[in-house]
Amino acid sequence: DHRDLHLSLRRQRQMCIRDRAEDVKLTIFMSLDRNGRVNPNSIQVVEISGGDEDAQKVAFRRAKIAIISCGKNGYKLPPNKYERWREIEVVFDPTN
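The notes below deal with the structure included here. Since the model is a prediction, treat every value here as computed from it, not as a measurement. (Residues numbered from 1 in each chain as written. Predicted model: local features only at pLDDT ≥ 70, side-chain atom pairs only at ≥ 80, totals over all residues. Heavy atoms only, no water.)

Some thoughts on the nonpolar core
Logical step 1: One finds L26, I28, M30, V38, I43 and I67 to be the most contacted residues of the largest nonpolar core, which totals 15 residues.
Logical step 2: Looking at this core, the elements with two or more residues in it are strand 1 (25–31), helix 2 (53–70) and helix 3 (82–85).
Logical step 3: Per-element accounting of this core gives the leading share, 5 residues, to helix 2.
Logical step 4: Excluding residues within four positions of it along the chain, L26 makes contact with V45, E47, I48, A59, F60, A63, V90, V91 and F92. (Core = buried A, V, L, I, M, F, W, Y, C linked by side-chain atoms within 4.5 Å. Buried < 20%, exposed > 50% of the residue type's maximum accessible area, 1.4 Å probe, protein only. Helix = DSSP H or I, 4+ residues; strand = E, 2+ residues; numbered from the N terminus. Contact = heavy atoms within 4.5 Å.)

And the structure:
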């Protein structure tokens, strides 16, 4: 039936994008509070390469989810060095 075909094609497309997203390298900027919690609104792409536009969007979305979920209780960072890590860039590189 037409609906099943549509769902099948959508799943295959998502798998294709998911695979291509693994080829994307991106550098992300974010700011943190003194407790090591990320300000979700601060997360943005500084640099991105590899893959096409769809793959890059997927890679950024995954990176943002990972940053937020892993840091939900605050990243454990030295409080006395807050000025050094309050704004940071993180590189997501599938080749490393």
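A look at the environment of A21
Logical step 1: Relative to the helices and strands, A21 resides in helix 1 (residues 2–21).
Logical step 2: With a relative accessible area of 6%, A21 lands in the buried category.
Logical step 3: Through-space distance from the C-alpha of A21 to that of G50 is 8.3 Å; in sequence the pair is 29 residues apart.
Logical step 4: Setting aside its immediate chain neighbours within four residues, A21 contacts A55, V58, A59 and R62.

Describing the sheet that holds strand 1
Logical step 1: Here 3 strands make up an open sheet; going across it, the order is 2-1-3 and the pairing antiparallel. Where the open sheet ends on each side, the last strands, each with one partner, are strand 2 (44–49) and strand 3 (87–92). Each strand of the sheet is rotated relative to its neighbour by a mean of 15 degrees, with strand direction disregarded.
Logical step 2: Pairing geometry for strand 1 and strand 3, over 6 bridges, is antiparallel. In the strand pairing of strand 3, I28 is matched with V90.
Logical step 3: Its contacts with the sheet put helix 2 on strand 1, strand 2 and strand 3, and the angle it makes with strand 1 is roughly 40 degrees. (Pairing = 2+ DSSP bridges. Axes fitted to C-alpha atoms, helices over the stretch in contact; angles between N-to-C directions.)

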